[in-house]
Amino acid sequence: MVCRARRLAALLVLSTAATAAQAAPPAASEAPATETFKVAGLEKPASILVDRWGVPHIYANTLYDAFYVQGFMAARDRLWQIDLWRKRGLGEMARDFGPAYVEGDRMARAVLFRGDMYREWLAYGSDAKRVAEAFVAGVNAYVAQTESKPELLPPEFRLLNYKPARWRAEDIVRIRHHGLTLNAMGEVNRAQVYCQVKPDAARTDWVQRELDPPVQPKLPDGLDPCALPAAELRRAYELATAAPRFPKEWWSSAQADDIAHEALYATLDVNSDTARSLGSNNWVIAGSRTSTGRPILANDPHRAHGAPSLRYISHLNAPGMSVIGAGEPFLPGISIGHNGIIGFGLTRFYMDQEDLYVYETNPAQAHEYKYRGRWEPMETVTEDIVVKGELVPRKVSIDFTRHGPVLFADAKGNRAYALRAAWLDLGMAPYFGSMDYMRAQNWDQFRAAMNRWGAPGENQVYADRDGNIGWIPGGLTVIRPNWDGLTPVPGDGRYEWSGYRNMDELPWAYNPAAGFVVTANENNIPPNHPAARMGVGYEWSDTARARRLKSLVAGNPHSSVADSMAWQNDTTSLPALRAVALLASVRTDDPQARRALDLLRGWDGNERADSAQAALFEVWFSKYLRPAVVRAALSAEGARLAGYGDASRVLAVLEKPEPWMPPERRNEVIVASLKSAMAEVERKLGPDPKAWQWGKLHTAVFSHPLDPILDGAARQRYDVNAGPIGGSAFTPMNTSYRNNDYQLTAGASFRMVLDVGNWDASRAINAPGQSGNPASPHYRDLAPLWARGEYFPLLYTRKAVEKESRERVELVPQ
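Residues numbered from 1 in each chain as written. Predicted model: local features only at pLDDT ≥ 70, side-chain atom pairs only at ≥ 80, totals over all residues. Heavy atoms only, no water.

### A word on the sheet that holds strand S25 (residues 735–737)
Then comes step 1: Sheet architecture is open: three strands sit in the order S6-S26-S25, paired in antiparallel fashion. The open sheet terminates on both sides in strands that have one partner only, identified here as strand S6 (303–304) and S25.
Then comes step 2: Judged from the two bridges that link them, S6 and strand S26 (residues 744–747) form a sheet pairing that is antiparallel. Of the residues in S26, the one forming a bridge with Ala304 is Ala746. (Pairing = 2+ DSSP bridges. Helix = DSSP H or I, 4+ residues; strand = E, 2+ residues; numbered from the N terminus.)

### Focus: the packing of aromatic side chains
Then comes step 1: Applying the stated criterion across every chain, the model contains 44 aromatic pairs.
Then comes step 2: With a centroid separation of 6.2 Å and 45 degrees between ring planes, the pair formed by Trp80 and Phe246 is classed as tilted. Residue Trp80 is found in helix H2 (residues 63–90), and its partner Phe246 is found in the loop between helix H10 (230–241) and helix H11 (248–252); the two are separated by 166 residues along the sequence. Comparing Trp80 with Phe246 shows no difference in burial state: the two are buried.
Then comes step 3: A network of ring pairs unites the aromatic residues Trp80, Phe97, Tyr101, Phe157, Tyr162, Phe246, Trp250, Trp251 and Tyr265 as a single cluster.
Then comes step 4: Stacked on the ring of Trp508, the Lys or Arg Arg447 has its end atom at 3.8 Å from the ring centre.
Then comes step 5: A cation over an aromatic ring shows up here: Arg798 above the ring of Tyr59, its NZ or CZ 3.9 Å from the ring centre. (Phe/Tyr/Trp six-rings, centres within 6.5 Å; stacked < 30°, edge-to-face > 60°. Buried < 20%, exposed > 50% of the residue type's maximum accessible area, 1.4 Å probe, protein only. Lys NZ or Arg CZ within 6 Å of the ring centre and 35° of its normal.)

### Quick word on the state of the cysteines
Then comes step 1: One pass over the structure, following the stated rule, counts one disulfide.
Then comes step 2: The disulfide partner of Cys195 is Cys226, and the gap between their sulfur atoms is 2.1 Å. Because the torsion about its S-S bond is 110 degrees, the bridge between Cys195 and Cys226 counts as right-handed. Here Cys195 is found in helix H9 (residues 184–196), whereas its partner Cys226 is found in the loop between H9 and H10, with 31 residues between them in sequence.
Then comes step 3: Assessed through its relative accessible area of 17%, Cys195 is described here as buried. (Disulfide = S-S within 2.5 Å.)

### Details of the pairing of strand S30 (residues 805–813)
Then comes step 1: Where strand S1 (residues 33–39) and S30 come together, seven bridges link them in parallel fashion. By the bridge assignment for S30, Glu35 is matched with Val809.
Then comes step 2: Here six bridges tie strand S2 (residues 46–51) to S30, and the two strands are oriented antiparallel to one another. Bridging from a neighbouring strand, Ile48 pairs with Val809 of S30.

### Quick word on the pairing of strand S7 (residues 312–318)
Then comes step 1: With respect to burial, S7 is a largely interior element, seven of its seven residues being buried.
Then comes step 2: Pairing between strand S3 (residues 56–59) and S7: three bridges, direction parallel. The partner of His57 across the bridge, within S7, is His315.
Then comes step 3: Pairing between S7 and strand S8 (residues 321–327): seven bridges, direction antiparallel. Counterpart to Tyr312 in the pairing with S8 is Gly327.
Then comes step 4: Between S7 and S8, which follow one another and run antiparallel, lie two residues, and Gly320 among them has a positive phi close to 85 degrees.

### Observations regarding unusual backbone geometry
With the exception of glycine, most residues fall at negative phi, and the peptide bonds are largely trans.
Then comes step 1: With an omega dihedral of 0 degrees, the bond running from Asp212 to Pro213 counts as a cis peptide bond.
Then comes step 2: If you trace the backbone, Pro213 turns up in the loop between H9 and H10.
Then comes step 3: The step from Ala455 to Pro456 runs through a cis peptide bond, and the omega angle for that step is -10 degrees.
Then comes step 4: On the secondary structure map, Pro456 appears in the loop between helix H15 (443–450) and strand S18 (458–464).
Then comes step 5: If you check the backbone angles, Arg372 has positive phi at about 50 degrees while not being a glycine.
Then comes step 6: Looking at the element boundaries, Arg372 is found in the loop between strand S12 (365–371) and strand S13 (374–377).
Then comes step 7: Even without being a glycine, Asn414 presents a positive backbone phi close to 55 degrees.
Then comes step 8: Following the sequence through the fold, Asn414 ends up in the loop between strand S16 (406–410) and strand S17 (415–421).

### Some thoughts on the nonpolar core
The nonpolar side chains of a soluble globular protein tend to be buried, and buried together.
Then comes step 1: Core analysis: the biggest nonpolar cluster contains 195 residues, and Leu160, Phe246, Trp250, Phe432 and Phe446 have the highest contact counts within it.
Then comes step 2: With 15 residues, H2 is the single largest residue contributor to this core.
Then comes step 3: Not counting the four nearest positions on each side in its chain, Phe446 is found in contact with Ile342, Phe344, Tyr437, Ala440, Gln460, Tyr462 and Ile472.
Then comes step 4: Judged by nonpolar contacts, the second largest core, of 51 residues, contains Ala579, Met661, Val669 and Val671. (Core = buried A, V, L, I, M, F, W, Y, C linked by side-chain atoms within 4.5 Å. Contact = heavy atoms within 4.5 Å.)

### Regarding the sheet that holds S18
Then comes step 1: With mixed pairing, eleven strands are arranged side by side in an open sheet as S1-S30-S2-S3-S7-S8-S9-S10-S18-S19-S21. Two strands in the sheet have a free side with no partner beyond their single neighbour: S1 and strand S21 (509–510).
Then comes step 2: With respect to the sheet, H2 is in contact with S1, S2, S3, S7, S8 and S30, its orientation differing from that of S7 by roughly 155 degrees.
Then comes step 3: Here H15 sits on the sheet in contact with strand S10 (342–348), S18, strand S19 (469–474) and S21, set at roughly 10 degrees to S19. (Axes fitted to C-alpha atoms, helices over the stretch in contact; angles between N-to-C directions.)

### Description of the pattern of salt bridges
Then comes step 1: Evaluated as defined, the whole model comprises 45 salt bridges.
Then comes step 2: A salt bridge links Arg114 to Glu383, with the nearest nitrogen and oxygen atoms 2.9 Å apart. Of the two residues, Arg114 is situated in the loop between helix H4 (102–110) and helix H5 (117–122) and Glu383 in strand S14 (residues 379–385); the sequence distance between them amounts to 269 residues.
Then comes step 3: Of the residues examined, Glu383 reaches a relative accessible area of 18% and is grouped as buried.
Then comes step 4: The residue Arg806 makes a salt bridge to Glu804 at a minimum N-O spacing of 3.4 Å.
Then comes step 5: For Arg806, a relative accessible area of 6% translates into the label buried.
Then comes step 6: Linked by salt bridges that have partners in common, Glu35, Arg76, Asp77 and Glu807 make up one network. (Salt bridge = Lys/Arg side-chain N within 4 Å of Asp/Glu carboxyl O.)

### Examining the packing of H2 against helix H6 (residues 128–148)
Angle between the axes and distance between the axes are the two parameters that describe a pair of packed helices.
Then comes step 1: Where H2 meets H6, the axes come as close as 7 Å, and the angle between the chain directions of the two elements is 50 degrees. Comparing the axis directions of H2 and H6 gives the class oblique. With respect to the hand of their crossing, H2 and H6 are arranged in right-handed fashion. Side by side, H2 and H6 meet where Tyr64, Phe67, Tyr68, Gln70, Gly71, Phe72, Ala75, Arg76, Leu79 and Ile82 of the first sit next to Arg130, Val131, Ala134, Phe135, Ala137, Gly138, Val139, Ala141, Tyr142, Val143, Gln145 and Thr146 of the second.
Then comes step 2: The residue makeup of the contact of H2 with H6, split by class, is 15 nonpolar, five polar and two charged. (Parallel < 35°, antiparallel > 145°, perpendicular 65-115°, else oblique. Left-handed = near helix turned anticlockwise from the far one by under 90°. Nonpolar A, V, L, I, M, F, W, Y, C, P; charged D, E, K, R; others polar.)

### Looking at the environment of Glu120
Then comes step 1: Along the chain, the position of Glu120 falls in helix H5.
Then comes step 2: Residues Glu120 and Val173, 53 residues apart in the sequence, show an inter-C-alpha distance of 8.2 Å.
Then comes step 3: Within polar-contact distance, the side chain of Glu120 engages the side chain of Tyr124 at 2.4 Å. (Polar contact = N/O pair within 3.5 Å; in protein donor to acceptor, adjacent residues only side chain to side chain.)

Here it is as structure tokens:
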């Protein structure tokens, strides 16, 4: 522990010195500072102009050199982040971080792609393998630079005392854990409810998302929901897929291997507001409805916040290609952006691509399971896990049934549980399919590319410089011929997938009559479309964001880029308006509750950071009202499972309380919960509501993964505090938060608005910054703009880029 503390102190000195020694970006009138690297594997010299917002504009002389340089620059800006992603995805955490991560490594390897790599590459397009090879060659070229110049290493490597690994092209597509997935854990939760809340069987969906289209889930014959080991299954799934953490327990005891998985991995309740809000907003507006006559395309994806940002903006130029926008830094290409001809942006389309299978296992041979009346052997893979501090690798076993990896086996109960996931099939590496559509030149090519999209399920909006707009969902849609996919099923052969649906069976729109399309993770399959009856999915996001955005777009017949930016930062909460409307008839003699009622009545529902009403409402609604309604409406066991309850369902009960509770009981719940909320806000913000501001409670802190092991001074350098923020999980500006301290947890760190055809007028933001190195001026420079709802120009033409360039990087073949 003493050695580690000394290393941390030394690192802080080095990091501070590095920052001081790093020259400030030159002024606009000065020539950009030039850095030259000689690298192996590059075909021809390439130049990179880094603008003053940290965006690298890559100018390569061959197509694949552009991806090589993208990999090099991603490593230059985000090496520790992408190395950690690779290490977690391949199950190699224990190699450098010790035995605490062995079980997580085993489960990560269970969800690696293990099929035919030849067919896998072909699933993404003819040159997917070559693109990936070029990208990882660029990453490895930068890793080689750090080996000869250790000062180039980001400080996290020195702090944790290890070095980055070299990449292989197949790493990019074998790793599958980083996509947004559902609904295996939803199935586990629902089965648990059926077991424990039998008297409230009609009320089981209080615990889950509201199902759309409405359906009553049915337990399959032969499934005992009370026998399901829910905790063990959640643990296994989280060990396989959750992002890693570095808790104090790990830092203080390097050889500990008994640390709780909740401390080692960023677990998330699938029914929390944060989990339900992980998605995005996007829209596209035809030129007939804009002030310029050109289409506008907007996108702001919502994911967990942290430092550095999940997104990385880059601009790739090569003969026959010029594409700019954001992607994930560990992947080649651009998933959200434009190529000078078409623009594109994505949101999550919540199709159900997972199922949990339950098997009877052979009492005489635990690795056999019953399938169609016969005992069938599991396939067992044995792997070596290298563990820091241990001379001999640990051998671990991973079992697979015909459906997928075994998450848990109960030898005493003669049961095993396996995950079947579409995202483990051929061509399903999350977001890698963007390599195909980002090079499309028209709607037909774009649609063809989306017909090959695998995972995760997406809504893509489209616009081109000829004025066309469109929307198309994509993703492999499972065919379940005899069940709804909402509960676990026996793995005995009665419940089998019948392949995937043809993408043409899903709805789509090209130049719609309305002149615009908005998606925000709601169920946007038209009710009269055949796909509405195909069981594509039932667990969508709350509709509040979608309804608010559709009203804003529809209500403005001549909108501008500035309007779209304002809509991305809109903080009006439709649930707040519904809840406040209920207060008109509430009466009370309690002076504290009356003050609360007076403050909220007549409020417009705008959750600005400086709003006193928003401070009271959010504390009341999220922390006190919702659980109070759940307790009043359900049995004690049902309330325990439901927790805070689905927001829409809670509001529906308050609006029509019977048969859940009599109207007078509803008013008692409202008054009592308001009193509790008032008491908390008064404790935290003082007795005078004039001094209250939602942003004083609700702050945007982008935490670094190493935050738990850093001291106060180090946290100041690694974490980024963007200050007060408005909104909530239900506003278009999605700012989900933790209920215990109201600190931001998820939302849009990246936003983009495209002026289609006049590309230099497009705008973007990426918080907290483009760099992942705390010593870089681009680590936190965009956070203040983001917090104020501001953007920077997403420059595209060479002339505009050169005007705003502040650094120049030259790569020359070695």
